[in-house]
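Read off the chains here:
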Amino acid sequence: QVQLVESGGGLVQAGGSVRLSCAASGRIYRINDMAWYRQAPGKQRELVATITSRGSTNSADSVAGRFTISRDNAKNTVYLQMNNLKPEDTAVYYCNARISTRPFPPEYDYWGQGTQVTVSS
(Lines give C-alpha, C1' and ligand atoms only; values in the text may rest on other atoms or scores of the structure.)
Protein backbone atom coordinates (compact mmCIF):
# COMPACT_ATOMS: atom_id res chain seq x y z
CA GLN A 1 0.00 0.00 0.00
CA VAL A 2 1.30 3.42 -0.99
CA GLN A 3 0.02 6.74 0.32
CA LEU A 4 0.67 10.32 -0.71
CA VAL A 5 -0.09 12.89 1.97
CA GLU A 6 -0.17 16.58 1.10
CA SER A 7 0.14 19.58 3.36
CA GLY A 8 0.60 23.32 3.16
CA GLY A 9 -2.54 24.67 1.55
CA GLY A 10 -4.64 27.52 2.89
CA LEU A 11 -5.83 31.06 2.34
CA VAL A 12 -3.35 33.64 1.07
CA GLN A 13 -3.59 37.15 -0.34
CA ALA A 14 -2.71 37.90 -3.93
CA GLY A 15 1.02 38.39 -4.28
CA GLY A 16 1.74 36.07 -1.39
CA SER A 17 3.49 32.72 -1.24
CA VAL A 18 2.62 29.19 -0.21
CA ARG A 19 4.69 26.00 -0.11
CA LEU A 20 2.99 22.67 -0.64
CA SER A 21 4.51 19.35 0.42
CA CYS A 22 3.62 15.81 -0.52
CA ALA A 23 5.19 12.83 1.22
CA ALA A 24 4.99 9.30 -0.11
CA SER A 25 5.03 6.32 2.21
CA GLY A 26 4.41 2.61 2.16
CA ARG A 27 5.70 -0.17 -0.05
CA ILE A 28 7.98 1.85 -2.32
CA TYR A 29 10.83 0.46 -4.36
CA ARG A 30 11.42 3.53 -6.50
CA ILE A 31 9.65 6.82 -7.12
CA ASN A 32 9.95 7.92 -10.72
CA ASP A 33 8.31 11.11 -12.03
CA MET A 34 6.41 13.30 -9.58
CA ALA A 35 4.02 16.10 -10.38
CA TRP A 36 1.53 18.64 -9.15
CA TYR A 37 -1.91 19.10 -10.70
CA ARG A 38 -4.71 21.47 -9.82
CA GLN A 39 -8.43 21.65 -10.34
CA ALA A 40 -10.43 24.83 -10.05
CA PRO A 41 -14.21 24.78 -9.56
CA GLY A 42 -15.99 23.88 -12.78
CA LYS A 43 -12.74 23.17 -14.62
CA GLN A 44 -10.79 20.11 -15.58
CA ARG A 45 -7.73 19.02 -13.67
CA GLU A 46 -4.62 20.53 -15.21
CA LEU A 47 -0.93 19.79 -14.96
CA VAL A 48 1.05 22.41 -13.04
CA ALA A 49 4.60 21.06 -12.91
CA THR A 50 6.60 17.86 -13.18
CA ILE A 51 9.95 16.64 -11.93
CA THR A 52 11.87 13.53 -12.87
CA SER A 53 13.79 11.33 -10.44
CA ARG A 54 16.96 13.13 -11.55
CA GLY A 55 15.50 16.56 -10.95
CA SER A 56 14.58 17.74 -14.45
CA THR A 57 11.54 19.98 -14.27
CA ASN A 58 8.80 21.36 -16.47
CA SER A 59 5.96 23.71 -15.64
CA ALA A 60 2.83 25.06 -17.25
CA ASP A 61 3.11 28.41 -18.99
CA SER A 62 0.56 29.88 -16.56
CA VAL A 63 2.88 29.33 -13.58
CA ALA A 64 6.34 29.58 -15.16
CA GLY A 65 8.54 31.98 -13.24
CA ARG A 66 6.23 31.92 -10.21
CA PHE A 67 6.02 28.26 -9.15
CA THR A 68 8.96 25.94 -8.50
CA ILE A 69 8.75 22.18 -8.13
CA SER A 70 11.45 20.30 -6.23
CA ARG A 71 11.91 16.98 -4.48
CA ASP A 72 13.87 15.34 -1.72
CA ASN A 73 14.45 11.74 -2.73
CA ALA A 74 15.73 10.79 0.72
CA LYS A 75 12.39 11.86 2.18
CA ASN A 76 10.21 10.65 -0.72
CA THR A 77 8.76 14.15 -0.81
CA VAL A 78 7.88 16.60 -3.55
CA TYR A 79 7.36 20.31 -2.99
CA LEU A 80 5.67 23.14 -4.84
CA GLN A 81 6.83 26.64 -3.96
CA MET A 82 4.24 29.10 -5.19
CA ASN A 83 5.15 32.78 -5.30
CA ASN A 84 3.33 35.88 -6.52
CA LEU A 85 0.03 34.05 -6.25
CA LYS A 86 -2.97 35.27 -8.23
CA PRO A 87 -6.69 34.73 -7.64
CA GLU A 88 -6.78 32.48 -10.71
CA ASP A 89 -4.39 30.11 -8.91
CA THR A 90 -7.24 29.21 -6.55
CA ALA A 91 -7.78 25.47 -6.83
CA VAL A 92 -7.42 22.12 -5.15
CA TYR A 93 -3.82 21.01 -5.68
CA TYR A 94 -3.04 17.32 -6.06
CA CYS A 95 0.33 15.60 -6.04
CA ASN A 96 0.99 12.65 -8.29
CA ALA A 97 3.78 10.11 -8.28
CA ARG A 98 4.67 7.24 -10.55
CA ILE A 99 5.91 4.53 -8.25
CA SER A 100 7.42 1.11 -8.62
CA THR A 101 6.63 -1.19 -5.73
CA ARG A 102 8.97 -3.91 -7.02
CA PRO A 103 12.35 -3.92 -8.84
CA PHE A 104 10.58 -4.66 -12.12
CA PRO A 105 7.58 -3.26 -14.06
CA PRO A 106 4.88 -2.16 -13.85
CA GLU A 107 4.86 1.20 -12.16
CA TYR A 108 1.64 2.79 -10.97
CA ASP A 109 0.22 6.28 -10.61
CA TYR A 110 -0.67 7.38 -7.10
CA TRP A 111 -2.51 10.52 -6.05
CA GLY A 112 -2.70 12.63 -2.93
CA GLN A 113 -6.01 13.60 -1.39
CA GLY A 114 -5.73 17.22 -2.51
CA THR A 115 -5.14 20.43 -0.62
CA GLN A 116 -7.08 23.65 -1.12
CA VAL A 117 -5.27 26.85 -2.02
CA THR A 118 -7.39 29.99 -2.04
CA VAL A 119 -5.96 33.30 -3.22
CA SER A 120 -7.91 36.39 -2.26
CA SER A 121 -7.73 39.60 -4.27
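Because the structure is a prediction, the values reported are computed rather than measured. (Residues numbered from 1 in each chain as written. Predicted model: local features only at pLDDT ≥ 70, side-chain atom pairs only at ≥ 80, totals over all residues. Heavy atoms only, no water.)

A. Seen up close, the state of the cysteines. With the rule as written, the count across this model stands at 1 disulfide. Note on cysteine connectivity: C22 is disulfide-linked to C95, with sulfurs 1.9 Å apart. Judged by the torsion about the S-S bond (45°), the C22/C95 disulfide is right-handed. Highlighted residues: C22 in strand β3 (residues 18–26) and C95 in strand β9 (residues 91–100), separated in sequence by 73 residues. We classify C22 as buried; its relative accessible area is 1%. Classification of C95 by relative accessible area gives buried; the value is 0%. (Disulfide = S-S within 2.5 Å. Helix = DSSP H or I, 4+ residues; strand = E, 2+ residues; numbered from the N terminus. Buried < 20%, exposed > 50% of the residue type's maximum accessible area, 1.4 Å probe, protein only.)

B. Summary view of the environment of G15. Positionally, G15 belongs in the loop between β2 (10–13) and β3. Those residues in contact with G15, other than ones at most four positions away along the chain, are N84 and L85. (Contact = heavy atoms within 4.5 Å.)

C. Local environment of the pattern of salt bridges. Throughout the structure, instances matching the rule amount to 5 salt bridges. A salt bridge links R38 to E46; the shortest N-O distance between them is 2.6 Å. Under the relative-accessibility criterion, R38 is labelled buried at 7%. One salt bridge connects R38 with D89, and the closest N-O pair in it is separated by 3.0 Å. Highlighted residues: R38 in strand β4 (residues 30–39) and D89 in the loop between β8 (77–82) and β9, separated in sequence by 51 residues. A residue is classified by how much of its surface remains accessible, and D89, at 1% relative accessible area, is buried. When salt bridges that share partners are traced, they join R38, E46, R66 and D89 into one network. (Salt bridge = Lys/Arg side-chain N within 4 Å of Asp/Glu carboxyl O.)

D. Summary view of the packing of aromatic side chains. Here the structure, examined in full by the defined rule, presents 1 aromatic pair. Between the NZ or CZ atom of R19 and the centre of the ring of Y79, over which it lies, the distance is 4.0 Å. Stacked on the ring of Y94, the Lys or Arg R45 has its end atom at 3.8 Å from the ring centre. (Phe/Tyr/Trp six-rings, centres within 6.5 Å; stacked < 30°, edge-to-face > 60°. Lys NZ or Arg CZ within 6 Å of the ring centre and 35° of its normal.)

E. Here's a closer look at unusual backbone geometry. Residue P106 is reached from P105 by a cis peptide bond, and omega for that bond is 5°. Residue placement: P106 occurs in the loop between β9 and β10 (107–111). Phi at N76 takes a positive value of approximately 50°, unusual for a residue other than glycine. For N76, a relative accessible area of 25% gives the class partly exposed. In the Ramachandran plot, N84 falls in the positive-phi region, its phi being about 50° despite a non-glycine side chain. With respect to the helices, strands and loops of the structure, N84 is situated in the loop between β8 and β9.

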